[in-house]
Amino acid sequence: MTTPVLFPLNVGDLSFEATGHALVRRTVLPSGVRVVTERVPGSRSVTLGLWVAVGSRDEVPAEAGIAAHPASLGSTHFLEHLLFKGTATRSAFDIATSFDAVGGEQNAVTGKEYTCYYAKVRDADVEMAVEVMTDMLTSSTLDPTEFETERGVILEELAMAEDDPTDVAQERLFEAVLGEHPLGRPIGGNADTIRAATRDAVWQHYRANYRPNDLVVTAAGNIDHDLLVSWLERHLVAAGWNLDDAAMPVARRDSNASVITRGAELVVVERPIEQANIMLGWPGITGTDERRVAMSGLNAILGGGMSSRLFQEIREKRGLAYSVYSFSSGYSDTGVFGLYAGCSPRNAAEVTTLLLAEFHRLASDGITADELRRAKGQLAGSAALALEDTDTRMSRLGRAEIGSGEFFDYEASMTMLDAVTAEGIQALAAHIATQQPSLVVVGRAKESVMKKALGKG
């Protein structure tokens, strides 16, 4: 299959064979629940995901950490934690032991544009996973005592992140690059907003956003699609959801690129640590931009491995850093392109200058045919290896359904990769380079020195 398969919201059933004889099936129930599976030959496990397209970007600007809806307020990150704390029929311990008893794994993630609850189990234990996870998703009690206990847990999680200078740098970089755009806010909120969150606000958000037409269920591995649909229908109805009322799935987000106003040119977060953690960033491209594969190539060449330009120039030739790389994050209406290096504080200005110089050299002079060949080989190999994991396949289904509405199997992805040219990568780099960068440093650094490194001194 060399072209993507569309996932229209108004089409009830799809079925097709993907690379490696994997069978992909998709069902849209009358209630708007969407179920997408990928049956992988030879697999003995299944990764199951329950997705809701509500993330940190949907929160009220004045109260980062609180999600907005016409009917209620609630915290996306808070709710992610609370759904593990018990239902009318299961305690938190019951939920935990359900998966421990079969050697399974269960967790959740709050993103900027979605929340996903997922589990990985043996194929023989999928029905149990469906029963427990649908109970969690539909019937959490948000017990007031558990609410206060989990408030403490989340505060500790935020404190842990604040002790990680790379996490701090990345959160500050998104704020600096994206400014007032909702994607610039931290996913987990902050200590003040978590302390201010109320159980009533979270409950209202839960009831307003966790509905049949919001739900996307994806599964990959040794999964029987028809059985999964029947299990979901049975357990969702048992939980009190009405699946008979016709409803369209919630609309996907607008993919038109937003106009970004930079939040800050330079942010220095003083920390008494041994390294200066440096991040440079620019507005990037959306997750559906036709140049997204060229962006992957740009990252591979500039900072995506041991042969990349940043690794060779800053680590191998000069010995100025241990960790150095580039990265890109794409969302529905904007993105961030960035560079990172961790180095001795005395070398922070020099390393910043080198990061900028290498990027601008690529943007102005382009890349070689050998670099393009290596980048395509790296990306093709990484994509193939990732598909050995049912977690990756489950996540690919969810992102396709919630995000672009297009499913790319391995062959379709390789067709897009083959079409990437050296000229396309240089043009993308040159476009990004026309914008003003934001610089974040976490560690011991002087603003005046770092400003000079940006060429502003």
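These numbers come from a predicted model, not from an experiment.

Colleague: Help me out: how do you make sense of empty space enclosed by the protein in this one?
Modeller: Where empty space is left becomes clear once a probe the size of a water molecule has been rolled over the atoms. Counted by the stated rule, this structure contains 1 cavity of 30 Å³ or more. Counted as a void, the largest cavity has a volume near 30 Å³. Lining the largest cavity are Leu50, Leu83, Tyr117, Met133, Met136 and Leu137. Considering only residue class, the lining of the largest cavity consists of 6 nonpolar, no polar and no charged.

Colleague: Just to check I follow, could you spell out the environment of valine 102 for this structure?
Modeller: Of note, valine 102 is situated in the loop between α2 (92-100) and β8 (105-110). Here the alpha-carbon distance between valine 102 and alanine 124, two residues 22 residues apart in the chain, equals 9.6 Å. Sequence-distant contacts of valine 102, defined by excluding residues within four places in its chain, comprise Arg122, Asp125 and Met128.

Colleague: How should I be thinking about the sheet that holds strand β10 (residues 215-221) in this particular structure?
Modeller: Sheet strands pair via backbone hydrogen bonds, and the direction of the pair is either parallel or antiparallel. Across the sheet, which stays open at both edges, the 7 strands sit in the order β2-β3-β4-β10-β5-β9-β8 with mixed pairing between neighbours. Strands at the two margins of the open sheet, each flanked by one partner only, are β2 (13-18) and β8. Along the sheet, successive strands turn relative to each other by an average axial angle of 10 degrees, direction set aside.

Colleague: For this particular structure, what's the right way to read the packing of aromatic side chains?
Modeller: The description of two aromatic rings rests on the distance between their centres and on the angle between their planes. This structure, assessed with the given rule, holds 14 aromatic pairs. When the ring of phenylalanine 7 is compared with that of phenylalanine 407, the centres are 6.2 Å apart and the planes differ by 20 degrees; the resulting orientation is stacked. Placement of phenylalanine 7 in the loop between β1 (5-6) and β2 and of phenylalanine 407 in strand β15 (residues 406-407) is noted, with a sequence separation of 400 residues between them. The residues phenylalanine 7 and phenylalanine 407 share a single accessibility class, namely buried. Summarising the aromatic geometry, the rings of tryptophan 51 and tyrosine 114 are spaced 5.2 Å apart at their centres and angled 55 degrees between planes, so their arrangement reads as tilted. A residue pair is termed long-range when its members are at least 10 positions apart, and tryptophan 51 in strand β5 (residues 45-52) and tyrosine 114 in the loop between β8 and β9 (115-122) qualify at 63 residues. A relative accessible area of 16% means that tyrosine 114 is categorised as buried. Through pairs of rings, three or more aromatic residues link up here, namely Phe84, Tyr117, Trp203, Tyr206 and Tyr210.

Colleague: What is the right way to read the pattern of salt bridges from this model?
Modeller: A side chain of one charge can pair with a side chain of the opposite charge when the charged atoms of the two come close. On inspection of all chains with the given rule, the structure shows 31 salt bridges. Of the charged contacts in the structure, one is a salt bridge between arginine 393 and glutamate 38, with a shortest N-O distance of 2.7 Å. Separated by 355 residues along the polypeptide, arginine 393 in helix α13 (residues 390-404) and glutamate 38 in strand β4 (residues 34-39) bring together distant segments of the chain. Across the pair, glutamate 38 and arginine 393 agree in class, each one buried.

Colleague: How should the layout of surface pockets be read in this particular structure?
Modeller: Size it by volume and the largest pocket reaches roughly 1,800 Å³. Gly287, Arg292, Ser296, Gly330 and Arg399 are the residues nearest the centre of the largest pocket, which is lined by 49 residues in total. Counting residues per element, the lining of the largest pocket draws most heavily on α13, at 9 residues. Residues belonging to the lining of the largest pocket are distributed by class as follows: 21 nonpolar, 19 polar and 9 charged. Taken domain by domain, the lining of the largest pocket gets at least three of its residues from each of domain 1 (9-237) and domain 2 (264-453).

Colleague: How should the sheet that holds strand β16 (residues 438-443) be read in this particular structure?
Modeller: The strand order across the open sheet formed by 5 strands is β11-β16-β12-β14-β13, and the pairing between neighbours is mixed. Lying at the two open borders of the sheet, with one neighbouring strand each, are β11 (266-270) and β13 (324-330). The mean inter-strand angle of the sheet, taken between neighbouring strand axes irrespective of direction, is 15 degrees. Summarising the sheet, strand β12 (residues 276-283) and strand β14 (residues 335-343) pair through 8 bridges and their orientation is antiparallel. Of the residues in β14, the one forming a bridge with proline 283 is valine 336. Contacting β13 and β14, helix α9 (residues 292-303) crosses the sheet at an angle of about 165 degrees to β13. Docked against the sheet, helix α11 (residues 348-365) engages β12, β13, β14 and β16, running at close to 30 degrees with respect to β12.

Colleague: Honestly, the nonpolar core in this entry has me stumped. Any pointers?
Modeller: Among the nonpolar cores identified, the biggest contains 50 residues, and Leu298, Ile314, Phe337, Leu339, Leu355, Phe359 and Ile425 are the most heavily contacted of them. At 8 residues, the largest contribution of residues to this core is made by α11. Discounting chain neighbours no more than four positions away, the residues touching isoleucine 314 are Gly319, Leu320, Ala321, Val324, Val351, Leu354 and Leu355. Judged by nonpolar contacts, the second largest core, of 45 residues, contains Val54, Val130, Ala219 and Val229.

Colleague: Looking at this structure, I do not really get the domain arrangement of the protein. What am I missing?
Modeller: It is common to give the size of an interface as the accessible area lost on bringing the parts into contact. Domain boundaries in the protein define domain 1 (9-237) and domain 2 (264-453). Placing the centre of domain 1 and that of domain 2 at their C-alpha centroids yields a distance of 28 Å. Taken together, the contact between domain 1 and domain 2 spans 44 residues of the former and 40 residues of the latter. When the two sides are added together, the surface that domain 1 and domain 2 hide from each other amounts to roughly 3,400 Å², 67% of it contributed by carbon and sulfur. Counting across the interface, domain 1 meets domain 2 through 8 salt bridges. A salt bridge links glutamate 38 to arginine 396; the shortest N-O distance between them is 3.0 Å. Counting the contacts that link domain 1 with domain 2 gives 18 residue pairs in polar contact (both at pLDDT 80 or more). Elements supplying a minimum of two residues to the side of domain 1 that touches domain 2: β2, β3 (22-28), β4, β5, β9, α5 (165-178) and β10. For the side of domain 1 that touches domain 2, the element with the most residues is α5, which contributes 11 residues. In the side of domain 1 that touches domain 2, the residues fall into 24 nonpolar, 11 polar and 9 charged.

Reading the values: rules and limits
Residues numbered from 1 in each chain as written. Predicted model: local features only at pLDDT ≥ 70, side-chain atom pairs only at ≥ 80, totals over all residues. Heavy atoms only, no water. 1 Å grid on protein atoms, 1.4 Å probe; cavity = no way out; pocket = protein on both sides within 12 Å on 5 of 7 lines; lining within 4 Å. Points joined across faces, edges and corners; volume = space filled by probe spheres on them. Nonpolar A, V, L, I, M, F, W, Y, C, P; charged D, E, K, R; others polar. Helix = DSSP H or I, 4+ residues; strand = E, 2+ residues; numbered from the N terminus. Contact = heavy atoms within 4.5 Å. Pairing = 2+ DSSP bridges. Axes fitted to C-alpha atoms, helices over the stretch in contact; angles between N-to-C directions. Phe/Tyr/Trp six-rings, centres within 6.5 Å; stacked < 30°, edge-to-face > 60°. Buried < 20%, exposed > 50% of the residue type's maximum accessible area, 1.4 Å probe, protein only. Salt bridge = Lys/Arg side-chain N within 4 Å of Asp/Glu carboxyl O. Domains from an automatic or database assignment. Core = buried A, V, L, I, M, F, W, Y, C linked by side-chain atoms within 4.5 Å. Buried area = accessible area lost by both parts, 1.4 Å probe. Polar contact = N/O pair within 3.5 Å; in protein donor to acceptor, adjacent residues only side chain to side chain.

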